[in-house]
Amino acid sequence: MRTYRLVISCPDRVGIVAKVSNFLASHNGWITEASHHSDNQIGWFFMRHEIRADSLPFGIEVLREKFAPIAEEFSMDWRITDTEQKKRVVLMASRESHCLADLLHRWHSDELDCEISCVISNHDDLRSMVEWHGIPYYHVPVNPQDKQPAFAEVSRLVKQHDAEVVVLARYMQILPPELCREYAHKVINIHHSFLPSFVGAKPYHQASLRGVKLIGATCHYVTEELDAGPIIEQDVVRVSHSDSIEDMVRFGRDVEKMVLARGLRYHLEDRVLVHGNKTVVF
């Protein structure tokens, strides 16, 4: 069923829900899902509504035009999206295939409602898997002594494919600050939960030596500060002294791909609202 998604954040005050609901009801808008959250600590209000497109007497552009005065009255940061318009996604990966393969499978199985425009990688290892899905694959090597030309090409490809979201599916390069700023809240990354305790090579080996009892993963938006952007989704799995390092690596890969897939789904469904360095996920 085609719906319009109305997503709002604004200073909290009396009457926001009533104003929006009355506006939609006055145009026979049929709300199929409604979510609200009031953050008392910062005095901010968050809302997400899904409205049946066929219940309204006009299209999305008129809906935006008619809603604009309400948005101005309440100083809203807002958007209205159409579920019929699939978001364009660019995936980026290096050599590890688990996250990329999982997202491709979910897309191929119609579990992810998006258009995967291309895959960009600094290695050529995953080309055959990607091209089997009929998706363009771009090999953009990164010279450690001069990374600027590679990231200029990455930026060109992202623009060429008109990407609305970029997913780092275990892409093992740090994006330059200007790219992070240009695509703020549009680049999604995944990392294991050992940071910052176990940094560098072989974190699972380090964790095993410390006898950790939990392995987890964090999906977040990319910012200039490494692995410190607004968190979208997290999860953990328990481990014990009887689990080998190989077991821990396998558990870690499983939780990484699950968390990344959920985080991307929330973003595609306009369920993530960012305020400062914090998210509300409906």
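Residues numbered from 1 in each chain as written. Predicted model: local features only at pLDDT ≥ 70, side-chain atom pairs only at ≥ 80, totals over all residues. Heavy atoms only, no water.

- Per an unreviewed UniProt entry, the protein chain carries the name Formyltetrahydrofolate deformylase and comes from Pseudomonas monsensis.
- The UniProt entry for the protein chain carries the following comment under Sequence similarities (unreviewed entry): "Belongs to the PurU family."
- Under the UniProt heading Pathway (unreviewed entry), the note attached to the protein chain is "Purine metabolism; IMP biosynthesis via de novo pathway; formate from 10-formyl-5,6,7,8-tetrahydrofolate: step 1/1." (UniProt positions renumbered as here; feature names shortened; annotations may be inferred.)

### With respect to the sheet that holds strand β9 (residues 187-192)
Then step 1. Here we have 7 strands laid out as an open sheet, ordered β7-β6-β5-β8-β9-β10-β11, and mixed in their pairing. Each edge of the open sheet carries a strand with a single partner, namely β7 (137-139) and β11 (231-238). Averaged over neighbouring strand pairs, the angle between their axes works out to 20° when direction is ignored.
Then step 2. Bridge analysis of strand β8 (residues 165-168) against β9 gives 3 bridges, and the strand direction is parallel. Within β9, the position partnered with L168 by the bridge is N189. (Pairing = 2+ DSSP bridges. Helix = DSSP H or I, 4+ residues; strand = E, 2+ residues; numbered from the N terminus. Axes fitted to C-alpha atoms, helices over the stretch in contact; angles between N-to-C directions.)

### Considerations on the packing of aromatic side chains
Then step 1. Evaluation of the coordinates by the stated rule reveals 2 aromatic pairs.
Then step 2. Following the ring pairs from residue to residue traces out a cluster consisting of F23, F67 and W78.
Then step 3. Sitting over the face of the ring of W30, R52 holds its NZ or CZ atom 4.2 Å from the ring centroid. (Phe/Tyr/Trp six-rings, centres within 6.5 Å; stacked < 30°, edge-to-face > 60°. Lys NZ or Arg CZ within 6 Å of the ring centre and 35° of its normal.)

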